[in-house]
Amino acid sequence: MGAHAAHDHHDDQHDHKPTGITRWLFTTNHKDIGTMYLWFAFTMFLTGGFMALLIRAELFQPGLQFFEPSFFNQMTTVHGLVMVFGAVMPAFTGLANWLIPMMIGAPDMALPRMNNWSFWILPFAFLLLISSLFMEGGGPNFGWTFYAPLSTTYGPPSTDFFIFSVHIMGLSSIMGAINVIVTVFNLRAPGMTLMRMPLFVWTWLITAFLLIMVMPVLAGVVTMMLTDRHFGTDFFNAAGGGDPVLFQHVFWFFGHPEVYIMILPSFGIASAIIPAFARKPLFGYASMVYATSSIAFLSFVVWAHHMFTVGMPLGGELFFMYATMLIAVPTGVKIFNWVATMWQGSMTFETPMLFAIAFVILFTIGGFSGVMLAMAPVDFQYHDTYFVVAHFHYVLFPGAIFGTIAAVYYWLPKWCGNRYDEFWGKVHFWLSMIFVNLTFFPMHFSGLAGMPRRIPDYNVMFADFNMMSSIGAFGLGLTQLLFLWIVIKCIRSGPKAAAKPWEGAHGLEWTIPSPAPYHTFTTPPVITNENAHS
Amino acid sequence: MSETNTVQQRNTKLALKLAGIALGMTAFGFAMVPMYDVFCDVFGINGKSAGQAEFTAPVIDTSRTVTVEFLAAVDRGLPWDFAPVVKKLQVHPGELHHVSFTVLNHSGERVVSQAVPSLSPGMATLYFNKTECFCFNNQPLDAHASAELPMSFFVDTQLPAEVQTLTLSYTLYNITDKLHAGVAVN
């Protein structure tokens, strides 16, 4: 169908692939690029996790133990940036690369050369960002939200490296998103209508639209910072007629859709895994599609709920409060559908299913604290406390990251042809489940009691909750090394996986052998009503 | 293989369209800057009182008294003292009042400053009219010089009844280095 199909006719051996480092440098194969994205994301996950452990070590006890406050600030900032832009987003792009072509019966992504670029500029972006930590004056220390004037007037000299690295990350995400949209629109196999697509493809399609809508705004806001810093403009400088509050509006116009960018693909993953292990079709396929679309649409009109305390007029607070609460409706539809899918199903609890169920439960807890934060009058108490930290870690760790881990366990047999060790997978799950709650649940309490975020020292009244969080964080971090070991063990050995290793699994990716051949669906499959996903 | 070309052409075409959306959203990001100012002006919501107002036929609402408080602050990097002469005034809506602020330059150099106003509650901004204000222009001050900066205002009689106190705050910024850019805010 694409250019690759034409090449394939010249290959005698179907699975022919180049070897050595050039295979990875020059590859345009969606599976190679997906693999590189996933390993990159995991490396960044461990890097950001290491920074989180430095933060938790400092917060183990009140008082300053290990670091200067300025270094602590750099750790909170770079931890956030690395996790958001380096771990979660590339992990999802990696899954998209691996899975979308196989799920819609396409031979590859639509724009393979651009695919190669969008991956290979990423390591340089993070090299720039992390190298700024070692520069004179230190790395970015203004929080991952880089509010002006902290990042403009008072930012360290290395802020320009931060700005440039954000430009590169943005470019990478936009190219990746364009690739996904073009692939989904143009390369679907005959009969794979939009409403027959697996939900992972649907949620990624919507995510890709969010990405091309908001990443340019992020690029714009860091460009404004750059010109404010060096070229005499006054976008965010009150002395010159600008306004620092404007920064927050532009940033959160990007920032709120961004939080859905980091969760929608996980919704798609849960919608694939839960039906497979409940051995029932997904409950309410169409409503899932519409709910995801409404969440994406609403994400553009709620941004100012991040800034209730800037002195907005009452009308503004009410609008953003109600609009935000409205998001709970489509989200509730999704949770309901997952539970209804499990209802009276013949459930088994393999590792992917355990992570998917934990995702549903813990994400709902994060959703509830989100509704609490959405209430403007009470947000004045919660704003910038550990309650916010607890909220967004509940939607990100058990949401985005549990989703990704579930996806890795679920599709790993397809990727490497071997089955992972189920016993150790379950150990990984239970340790993660215990430690993630031990880490983040106490933060609700310290936050409600008034502990502010982004501080290296705190009142002794918060000592017990912080000690619990720190113990949990170290357990959670070390547990992820177990995950690394399980994945490597599975790639190297393990029982051979069948083409469809999960009894209840549905979808085109299970019709090809395991491990998936280097080139798949060079002749597109035909999708009929009988073999359609839903 | 004619289909190969058409699929590739369709891919390129769609990719270019999507890149167009991305470029459009970049432009939108920058367009948020003037949009923000327009929104704030129209709804009077960020406390920046509008430009010079004309004081016409006085209709004074003596049945009502509003407290107007004055605050003065100096941004870091400006070696000045800055204070209101009168900290608090009781006014009737429609009355024209003249107040002033004192400034003193501690430094041994000529410094130019710009005052940026902020009115609270923000929604009252539309009803607070300045006929004369030092904040309309930048203020140069020679080394160790002092001055008294005038400001005249009246409160609109349409001011919503629930507003009983207005707080007007000025922050002075050092704009000596920026002056070539020719900034003037109100």
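The numbering scheme is per chain: residues are counted from 1 as the chain's sequence reads. As a convention, the first chain written is A and the first ligand written is 1, with the rest following in written order. Only residues with pLDDT of at least 70 get local features here, since the model is predicted, and only at 80 or more are side-chain atom pairs given and counted; chain-wide, interface and lining totals rely on the full set of residues.

1. Here we look at the overall build of chain A
Strands here are runs of E lasting at least two residues and helices are runs of H or I lasting at least four, both read from the DSSP assignment and numbered beginning at the N terminus. Helices and strands together make up the secondary structure of chain A, namely 18 helices and 0 strands. Against the 2.2 N^0.38 benchmark of 24 Å for 534 residues, chain A shows a C-alpha radius of gyration of 23 Å, consistent with a compact globule. In terms of overall dimensions, chain A has C-alpha extents of about 65 × 50 × 45 Å along its principal axes. Whether a residue is buried, exposed or partly exposed is read from the other C-beta atoms within 10 Å of its own C-beta, which are placed from the backbone; 20 or more gives buried, 12 or fewer gives exposed, and intermediate counts give partly exposed. Put simply, chain A has 534 residues, and 55% of those count as buried. Here the contact rule is simple: place C-beta atoms from the backbone, and any two residues whose C-beta atoms are within 7 Å are in contact. When contacts within chain A are restricted to residue pairs at least 6 apart in sequence, those whose partners lie at least 24 apart make up 84%. For the radius of gyration, the atom set is restricted to C-alpha positions; the globular benchmark scales as 2.2 Å times the number of residues to the power 0.38.

2. Details of the confidence of the model for chain A
Residues at a pLDDT of 70 or more form 96% of chain A, whose mean pLDDT is 93. With pLDDT under 50 throughout, residues 1-13 of chain A is counted as low confidence; its partners more than four residues away or in other chains account for 21 contacts. As a per-residue measure, pLDDT tells how confident the predictor is, with possible values from 0 to 100.

3. Overview of the interface of chain B and chain A
On the side of chain A, 33 residues touch chain B, which itself brings 34 residues to the contact. At the level of secondary structure, the elements contributing two or more residues to the side of chain B that touches chain A comprise helix H1 (2-43), strand E5 (111-120) and strand E9 (165-174) of chain B. Nonpolar residues are Ala, Val, Leu, Ile, Met, Phe, Trp, Tyr, Cys and Pro. Charged residues are Asp, Glu, Lys and Arg, and all others, Gly as well, are polar. Of the residues assigned to the side of chain B that touches chain A, the class counts are 22 nonpolar, 9 polar and 3 charged.

4. Side note on the environment of Leu89 of chain B
All names here are of chain B. Within the fold, Leu89 resides in strand E3 (residues 88-91). Residue classification places Leu89 among the partly exposed positions, given that 16 C-beta atoms sit within 10 Å. A sequence separation of 78 residues divides Leu89 from Asn11, and the C-alpha atoms of the two residues are 69 Å apart. Each residue touching Leu89, except ones within four places of it in the same chain, is listed here: Val68, His97 and Val99.

5. Regarding the sheet that holds E5 of chain B
Residue and element names in this part refer to chain B. A pair of strands is considered paired only if DSSP assigns at least 2 bridges between the two. Read across the open sheet, the 5 strands follow the order E3-E1-E9-E5-E7; overall the sheet is mixed. Sheet topology places E3 and strand E7 (139-141) at the edges, where each strand pairs with a single neighbour. For this sheet, the mean angle separating the axes of adjacent strands, direction not counted, is 30°. Pairing analysis gives 8 bridges linking E5 to E9, with the strands arranged antiparallel. Residue Ala115 lies in a different strand from E9, and its bridge partner there is Leu172. Angles here are taken between N-to-C directions and fall from 0 to 180 degrees, while the axes themselves are lines fitted to C-alpha atoms, restricted in helices to the stretch in contact.

6. Considering the nonpolar core
In these notes, a nonpolar core means any group of buried Ala, Val, Leu, Ile, Met, Phe, Trp, Tyr and Cys residues linked to one another through C-beta atoms within 7 Å. Ranked by size, the top nonpolar core spans 175 residues in total, and within it Val88, Val201, Ile212, Val221, Ile273, Phe355 and Ala406 of chain A carry the most contacts. Setting aside its immediate chain neighbours within four residues, Val221 of chain A contacts Phe247, Val250, Phe251 and Phe254 of chain A together with Gly29 of chain B. In this structure, Val66, Val103, Ala124 and Cys133 of chain B belong to the second largest nonpolar core, which totals 31 residues.

7. Some thoughts on the domain arrangement of chain B
In this entry, domain limits derive from an automatic or database-based domain assignment. Once the domains are mapped, chain B shows domain 1 (1-43) and domain 2 (66-181). For domain 1 of chain B versus domain 2 of chain B, the separation of C-alpha centres amounts to 43 Å.

8. Digging into unusual backbone geometry
Residues and elements named next belong to chain A. In the segment running from Ala148 into Pro149, the intervening peptide bond is cis, with an omega of 0°. Unlike most non-glycine residues, Arg279 shows phi in positive territory, near 55°. Looking at the secondary structure, you find Arg279 in the loop between helix H10 (264-278) and helix H11 (285-298). Residues other than glycine seldom take positive phi values, yet Gln344 does so here, at roughly 60°. Along the chain, Gln344 turns up in the loop between helix H13 (328-342) and helix H14 (351-374).

9. Digging into the pairing of E9 of chain B
Note: strand E1 (residues 66-74) of chain B against E9 of chain B, 8 bridges, orientation parallel. Paired with Glu69 of chain B across the strands is Thr167 of chain B, a residue of E9 of chain B.

10. What to know about the sheet that holds strand E8 (residues 146-155) of chain B
Residues and elements named next belong to chain B. Ordered in space as E2-E4-E8-E6, the 4 strands form an open sheet in which the pairing is antiparallel. Edge strands, defined here as strands with exactly one partner in the open sheet, are strand E2 (80-84) and strand E6 (128-133). Averaged over all pairs of adjacent strands, the angle between their axes in this sheet comes to 25°, without regard to strand direction. Pairing of strand E4 (residues 97-105) with E8 involves 8 bridges; the strand directions are antiparallel.

11. Section: the confidence of the model for chain B
Taken residue by residue, chain B gives an average pLDDT of 84. The fraction at 70 or more is 90%. Two summary scores accompany this predicted model of the complex, namely pTM at 0.90 and ipTM at 0.88.

12. Quick word on the environment of Thr511 of chain A
In this fold, Thr511 of chain A is placed in the segment after helix H18 (463-492). It is 29 Å that separates the C-alpha atoms of Thr511 of chain A and Phe26 of chain A, two residues lying 485 residues apart in sequence.

13. A word on the packing of helix H7 (residues 159-186) of chain A against helix H8 (residues 199-230) of chain A
To describe two helices that pack against each other, one gives the angle between their axes and the distance between the axes. Residues and elements named next belong to chain A. Running from amino to carboxyl end, H7 crosses H8 at an angle of 155°, the nearest separation of the two axes being 8 Å. Classified by the angle between their axes, H7 and H8 sit roughly antiparallel to one another. In the crossing of H7 with H8, the sense of the turn from one axis to the other is left-handed. The residue inventory of the contact of H7 with H8, partitioned by class, reads 22 nonpolar, 4 polar and 2 charged. What sets the label is the angle itself: under 35 degrees gives roughly parallel, over 145 gives roughly antiparallel, 65 to 115 gives roughly perpendicular, and the rest give oblique. Less than a right angle of anticlockwise turn of the near helix away from the far helix marks a crossing as left-handed, whereas a clockwise turn marks it as right-handed.

14. Looking at helix H5 (residues 112-120) of chain A
The set of residues buried in H5 of chain A consists of Asn115, Asn116, Ser118 and Phe119 of chain A. Projection of H5 of chain A onto a plane perpendicular to its axis shows the buried side chains occupying an angular sector of 165°, all on one side. By definition, the arc is the one covered by directions from the helix axis to the C-beta atoms.

15. Some remarks on the packing of H10 of chain A against H14 of chain A
Residue and element names in this part refer to chain A. Viewed as axis vectors pointing N to C, H10 and H14 meet at an angle of 125°, and their least axial separation amounts to 9 Å. Put simply, H10 runs oblique to H14. In this structure, H10 crosses over H14, and the sense of that crossing is left-handed. Side by side, H10 and H14 meet where Ser266, Ala270, Ile273, Ile274 and Phe277 of the first sit next to Pro352, Met353, Ala356, Phe359 and Val360 of the second.

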